[in-house]
Each structure stands twice: as C-alpha cells, then as structure tokens.
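This is what each chain is made of:
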Amino acid sequence: MSDKRDFLATAGVNTRLAHTGNVPSDYHGFVNPPIVRASTVLFADARTMETRAQTYTYGTRGTPTTDALCAAIDSLEGSAGTILVPSGLAAVTVPFLAFLSSGDHALIVDSVYFPTRNFCNTMLTRMGVTVEYYDPAIGAGIEALIRPNTRLVHTEAPGSNTFEMQDISAISGVAHKHGCVVTMDNTWATPLYFKPLDHGVDISIHAATKYPSGHSDILMGTVSANAKHWEQLHEATITLGICGSPDDSYQILRGLRTMGVRLERHQESALNLARWLEEHEDVARVLHPALPSFPGHEVWKRDFTGASGIFSFVLRVSEPAQVKARAHAFLDALSIFGLGYSWGGYESLALVVGLSDRTICKQPTEGPVIRLQIGLEDVPDLRRDLEAGFAAAAAVGA
C-alpha cells in the first residue's frame, strides 16, 4: 500500500482521527499499536548506554504506545511536540513550572478552572511568582497589565462554568510583543473546533480525561507546544518525572477514533437543550457561546468551528434565601443526569457552580448557576428529566 501520510494531510477530521497515531506495518499489520509497558530498557552495549543512542532509554521518557498518542495529538494540534501527564490539572501546572521562575509575574484569566486558580494562589505564589487575574473580555487591552517581569499569559476559552469568550489572537499578539509565553486550556473545544497554535498560542493544554477519553474512566492531560517552546517543555517534564501511562494512552487512542462523531452528537443535543432552556420560564439566562444571545457569541462564531456538550444556565430564583434550597431540589429530582464532576463522557451530568473565587466575573444575581454536561442520551428524555428538576425547584417554599 502507498504511504498514507500525504493523503491524511488533506483529509477530513474523522478520517484523520481514524488513521493517525497508528502505523500497522510497524506491528505486523495489527490495526492498533500494542500496549508497551516499560520501566527498564536494555542497551546493546556500554557506548549506546552512555550516549543514549537509541529510541527508548527509560519508561518515563516514552514507549511506542505513548509515542503513538503523542503523534496523534501533534497531528490534530499542529504542534512540534506533545507531552502526556496524569491529569488535566497537571497539564496546566507542568507548563507553569516549565516557564515561570521566582520573581516572575503571570496573568491568569479570571474565568479559569478553579483547581488552576488554587495552584496559582498556593504553590505558585509560594514559589515567588506574582499572580494577577484579568477580565476574559480584555482582548488587546491586556497590554495595560503587562509588567517588565510578566512571563506568562494563561487563557481559557470558553471559561470554566460561565463560558466567557476571549480574543485569543489579540491577547497572543500583545503578549508576544512583550516576550510572554501564551498558554491556553482548550479542553472545551478540543483541537477539532479550535486550534490554539493557529491563533498565536504557544502551549495548548487539554484534559484528555474529557472528550478524547469519552467514557469517564481515564485521567490524562496532554500539553502541546510550538517549535520555539517544545524543548523547554519537554525538558521540564523529564526533570519533574511526570508521564502518562501506556495503558491509559492506549485507551485515549481508542477514544480518539470516535471523538469526531461523538462531538457532533454532544454539540447537536446541547444546542437543542440550550435553545429550549432559553425559552423556559424558570431560566434567567443560558450561558452557551454558540447562542446569539450570549455576550461572546461573535468571537465564538469568528474563531471556532463548533461547540461541545457542556454549558450552564442560571436558575431563576426571586428569593435570595431560597437559592441553595432550590438548586439542591433541582439536582435531587434528576434521574438521568448524574451528579458528578468532570464531563466529556457518554452520560449527562449536572452540578451547582461555585463562583466565590472570582474577582471579576462575579456570580449572576438572578439565581444559582447550574452546569450541564450533555451526554449521548436521547434529547426528549433529557428534557423530561430537566422538567422534573424545575418542578421540584418551584415547589420549594411554595
């Protein structure tokens, strides 16, 4: 058979997902790369051992299985290299440790994933890094916040839980003018719907726990870098001794094969429910970037090619004293929606969003924020389940 690399370079996304990260001819024709578990790797002779002049030298530095996943992610991201780490949070913290030192200043978007904020406010601060949070809508105005010692600008779009959009290209352009590294948590969109490196981002971060896995049973993060920043990122993960396991890499590779078609279903169902919720009398607002009513919709429409399956809405509660009781009643009445953290799996989930950590993007005043992860179930069943939640919430104090 002819080499398919040239063919895949111009192929559609689902074709690339089906065929990237595997070379059957390397493994006797078997379609999937095998799981190669390793700690010790043997060398042919002392000279080879001294110079490390072979592809694999120790388990923390990769195996054929982890390399296959990295190659697949590089193909999707357009990156010079990818590292695998044990969780989505580690995918954020490792590049922070790679590019920040004591005395540096870091700008972090205020709508950031809470565990990232916790890392910044505790460990990063204890290391002597000054952390400052900024408005996600700041765009090129971020220049006013950049100091002589600013080294890193962290972005996340849409923002965690409340889904604020960011003008990533404008922020990246300003940051690079001042010599800053730009990192982005792109978990919501995946590389299928937004390619950070094409918009000036240096380091693309993804919780592979979510859509690449797709089955709520794997923890992993991927970090992909452009050519300028790849060596420093790679050296940091070697120094820290952090790596993803071959078994989990194999499962993520399996998940990638269907990620495109799963995302299409997640997107369709989530938008169906988001539009329905916009018309619901018990909903004050729907926080979904793909809705024209959302403040950041035009940025989403310009830069993104799709939307995933997670969004939030504000439950209308007129009496402040009843906010928690009504939110809990809503959740407790659900049958299909599970009450759990994470997202990206086949099952729908719901939770009450906590926003007490925010300094700029404050809690909506109309009521509690309910975040929904829309899975692969039938939409009429999900509507029926949500209606039961609304009825239970309305009954509180009635």
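Not measured: the values here are computed from a predicted model. (Residues numbered from 1 in each chain as written. Predicted model: local features only at pLDDT ≥ 70, side-chain atom pairs only at ≥ 80, totals over all residues. Heavy atoms only, no water.)

The next point concerns the packing of helix α5 (residues 88-99) against helix α9 (residues 227-240). Direction vectors running N to C along α5 and α9 enclose 110 degrees, while the axes themselves pass 9 Å from each other. Classified by the angle between their axes, α5 and α9 sit roughly perpendicular to one another. Across the interface between the two elements, Val94, Pro95, Leu97, Ala98 and Phe99 from α5 touch His229, Gln232, Leu233, Ala236 and Leu240 from α9. For the contact of α5 with α9, the class distribution of residues is eight nonpolar, two polar and no charged. (Axes fitted to C-alpha atoms, helices over the stretch in contact; angles between N-to-C directions. Helix = DSSP H or I, 4+ residues; strand = E, 2+ residues; numbered from the N terminus. Parallel < 35°, antiparallel > 145°, perpendicular 65-115°, else oblique. Contact = heavy atoms within 4.5 Å. Nonpolar A, V, L, I, M, F, W, Y, C, P; charged D, E, K, R; others polar.)

We now examine the UniProt feature "modified residue: N6-(pyridoxal phosphate)lysine" (unreviewed entry) in the protein. Taking the UniProt record as the reference, the feature "modified residue: N6-(pyridoxal phosphate)lysine" (unreviewed entry) is found at Lys210. Its place among the elements puts Lys210 in the loop between β6 (203-207) and β7 (221-225). In this structure, Lys210 is in contact with Thr187, Ser342, Trp343 and Gly344, ignoring residues within four places of it in sequence. (UniProt positions renumbered as here; feature names shortened; annotations may be inferred.)

Below, the discussion takes up the sheet that holds strand β1 (residues 81-85). The strand order β1-β7-β6-β5-β4-β2-β3 describes an open sheet built from seven strands, whose pairing is mixed. Two strands close off the open sheet at either side, each with one partner strand: β1 and β3 (130-134). Looking at each pair of strands side by side, their axes are set apart by 20 degrees on average, direction ignored. Both strand β4 (residues 150-156) and strand β5 (residues 181-185) contribute to a ladder of five bridges, which runs parallel. For Thr155, the partnering residue across the bridge sits in β5 and is Met184. (Pairing = 2+ DSSP bridges.)

Moving on, we get to the state of the cysteines. In this structure the tally under the stated criterion is zero disulfides. Sulfur of Cys361: no disulfide; nearest cysteine sulfur belongs to Cys120 and is 15 Å away. The exposure class of Cys361 is buried, given its relative accessible area of 10%. (Disulfide = S-S within 2.5 Å. Buried < 20%, exposed > 50% of the residue type's maximum accessible area, 1.4 Å probe, protein only.)

Okay, α5 next. Among the twelve residues that make up α5, ten are buried, leaving the element largely enclosed by the rest of the structure. When α5 is considered as a whole, its buried residues turn out to be Gly88, Ala90, Ala91, Val92, Thr93, Val94, Pro95, Phe96, Ala98 and Phe99.

Overall, the coordinates contain 13 salt bridges when judged by the stated rule. Across the pair Arg37 and Asp247 runs a salt bridge, and its minimum N-O distance is 2.9 Å. Placement of the pair is Arg37 in the loop between α2 (13-19) and α3 (46-51) and Asp247 in helix α10 (residues 246-278), with a sequence separation of 210 residues. Of the residues examined, Asp247 reaches a relative accessible area of 30% and is grouped as partly exposed. The residue Arg285 makes a salt bridge to Glu366 at a minimum N-O spacing of 3.0 Å. You can see Arg285 sitting in strand β8 (residues 283-287) and its partner Glu366 sitting in the loop between β11 (349-352) and β12 (369-373), a full 81 residues away along the chain. When its relative accessible area of 37% is taken as the criterion, Arg285 is described as partly exposed. Members of the salt-bridge network, linked through shared partners, are Asp110, Arg117 and Asp357. (Salt bridge = Lys/Arg side-chain N within 4 Å of Asp/Glu carboxyl O.)

A few words now on the nonpolar core. Residues Phe313 and Leu372 are the most contacted members of the largest nonpolar core, which totals 107 residues. Broken down by element, the residue count for this core peaks at eleven residues, all from α10. Apart from the residues lying within four places of it in its own chain, the contact partners of Phe313 are Leu277, Val283, Arg285, Val286, Leu287, Phe330, Pro368, Val369, Ile370, Leu372 and Phe390. (Core = buried A, V, L, I, M, F, W, Y, C linked by side-chain atoms within 4.5 Å.)

It is worth spelling out the side chain of Arg16 at this point. Positionally, Arg16 belongs in helix α2. Of the side chains with opposite charge, Asp198 comes closest to the buried, unpaired Arg16, at an N-O distance of 9.3 Å. Not counting residues up to four positions away in its chain, the partners in contact with Arg16 are Leu8, Ala11, Ser75 and Leu76. (Lys, Arg positive; Asp, Glu negative; His and termini not counted.)

The strand order across the open sheet built from five strands is β8-β9-β12-β11-β10, with neighbouring strands paired in mixed fashion. The sheet is open, and its two edges are formed by β8 and β10 (338-339), each paired on a single side. Sheet topology note: the β8/strand β9 (residues 310-315) ladder contains four bridges and is antiparallel. Considered in β9, the bridge of Val286 is made with Phe313. Against the sheet, α10 contacts β8, β9 and β12, and its axis sits at roughly 15 degrees relative to β9.

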